[in-house]
Amino acid sequence: MKTVMSNKLAICLYVLPALILVLVLIYIPIVLTGYYGLMDWDGIGAMKFVGLDNYVQLIKDKMFWNSTYHSVLLALFSAISLIFYLVISIILASRIKGANLLRKIYLIPMLLSSVAIAQLWLKIFDPTNGMLNKLLELFGMENTPTWLADPNLVLIAIFVPIIWQYAGFYIIIYYAALKNVPEEVIEAARIDGATPLQIAYRIKLPLISGVIKVTIVLAIVGSLKYFDLIYVMTGGGPNGSSEVIASYMYKEAFKTYNFGYGSAIGFALLIICLIMTWVIQKLTASKEDVQY
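So, here's what we can say about the structure.

Rules and cut-offs
Residues numbered from 1 in each chain as written. Predicted model: local features only at pLDDT ≥ 70, side-chain atom pairs only at ≥ 80, totals over all residues. Heavy atoms only, no water. Helix = DSSP H or I, 4+ residues; strand = E, 2+ residues; numbered from the N terminus. Buried < 20%, exposed > 50% of the residue type's maximum accessible area, 1.4 Å probe, protein only. Contact = heavy atoms within 4.5 Å. Core = buried A, V, L, I, M, F, W, Y, C linked by side-chain atoms within 4.5 Å. Axes fitted to C-alpha atoms, helices over the stretch in contact; angles between N-to-C directions. Parallel < 35°, antiparallel > 145°, perpendicular 65-115°, else oblique. Left-handed = near helix turned anticlockwise from the far one by under 90°. Nonpolar A, V, L, I, M, F, W, Y, C, P; charged D, E, K, R; others polar. Phe/Tyr/Trp six-rings, centres within 6.5 Å; stacked < 30°, edge-to-face > 60°.

1. Let's talk about the overall build of the protein
For the protein, the helix and strand inventory stands at 14 helices and 2 strands. On the principal axes, the C-alpha backbone points of the protein span a range of 80 × 75 × 35 Å. Counting over 292 residues, the protein shows a buried share of 37%. A sequence separation of at least 24 residues applies to 65% of the contacts in the protein between residues at least 6 apart.

Here it is as structure tokens:
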């Protein structure tokens, strides 16, 4: 007698609901976004087919390339911050006192919404009564910075809370991966005289390299499409100094009601994310992956 899982029709029926959800929520919107990018449309009236005009305009648009540059900077900043998260995770996984409490503390930002985090850091960066400038005044600084109003400082000011917001997420991923490293391997390395640094670098990191690759993709692609906290804190200002691709797309689509051009920006963002994912996979591919 055949089991349910050996029946191809039963397998298709089990998988069908998930396929329908993926199709409706992901693939159809992607196709529609590319389609709307070929139109001149205000989101309400009739659409006018303009071909590749929106994409040609996109290539010539200085603000689009400026926002792309800021998004790439955020992606690189996020990727580099993974080193810091990894170091913290290695320390937490080394049986230090208070590790459980520290893990809970690092998770606190994940419990807050992006809007709440934005409001918190707006208070911290307040040029008059903000905690950061008050600390700088205590150390003798007279002309404290206007963090979110200075085009030269605004990117740093918004990158810090974004990195802080996702710290707990990546630390927990790395911590879980490190806990799955066989204790026998670590004990054997200790018996052979390996130092904690050598164990971390030559044993733990190679064994969780797959997890590290995944987090690099998540950090970079997630940063490229980041929107909410930046929009609440600066709205892309001052004068576009903190504009990213997602916020620029939102403004074009929902503020100027240029849905055709906004869709073209969204489709371009998808292409950029796919290219970046492919580049990361190529750069982090091991010899076994290449042979396979």
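Now that the structure has been shown, the text picks up again.
2. Remarks on the nonpolar core
Within the largest apolar cluster, 25 residues are counted, with the highest numbers of intra-cluster contacts made by Tyr85, Tyr174 and Ile208. Looking at this core, the elements that each hand over two or more residues are helix H3 (62-92), helix H7 (154-179), helix H8 (183-191), helix H9 (196-207) and helix H10 (209-224). A per-element tally of this core places H7 first, with 8 residues. Setting aside anything within four residues of it in sequence, one finds Tyr174 in contact with Leu82, Tyr85, Leu86, Ser89, Val211, Ile212 and Thr215. In terms of nonpolar packing, the next biggest core, distinct from the first, is built from 19 residues, Ile124, Phe125, Ile158 and Leu229 among them.

3. Some details on the packing of helix H12 (residues 245-255) against helix H13 (residues 259-284)
Between H12 and H13, whose axes approach to 7 Å, the crossing angle comes to 160°. For the element pair H12 / H13, the angle class is roughly antiparallel. Read as a crossing pair, H12 and H13 show a hand that is left-handed. Across the interface between the two elements, Ile245, Tyr248, Met249, Glu252, Ala253 and Phe254 of H12 pack against Phe259, Tyr261, Gly262, Ile265, Gly266, Leu269 and Ile272 of H13. For the contact of H12 with H13, a count of residues per class yields 10 nonpolar, 2 polar and 1 charged.

4. Quick word on the packing of aromatic side chains
Going through the model one piece at a time under the given rule, you end up with 18 aromatic pairs. Ring geometry for Tyr85 against Tyr170: centres 5.8 Å apart, planes inclined by 5°, an arrangement best described as stacked. Taken together, the positions of Tyr85 in helix H3 and Tyr170 in helix H7 put the pair 85 residues apart, joining distant regions of the chain. For Tyr85, a relative accessible area of 2% gives the class buried. Linked through ring pairs, Tyr35, Tyr36, Trp41, Phe227, Tyr231, Tyr250, Phe254 and Phe259 together constitute an aromatic cluster.

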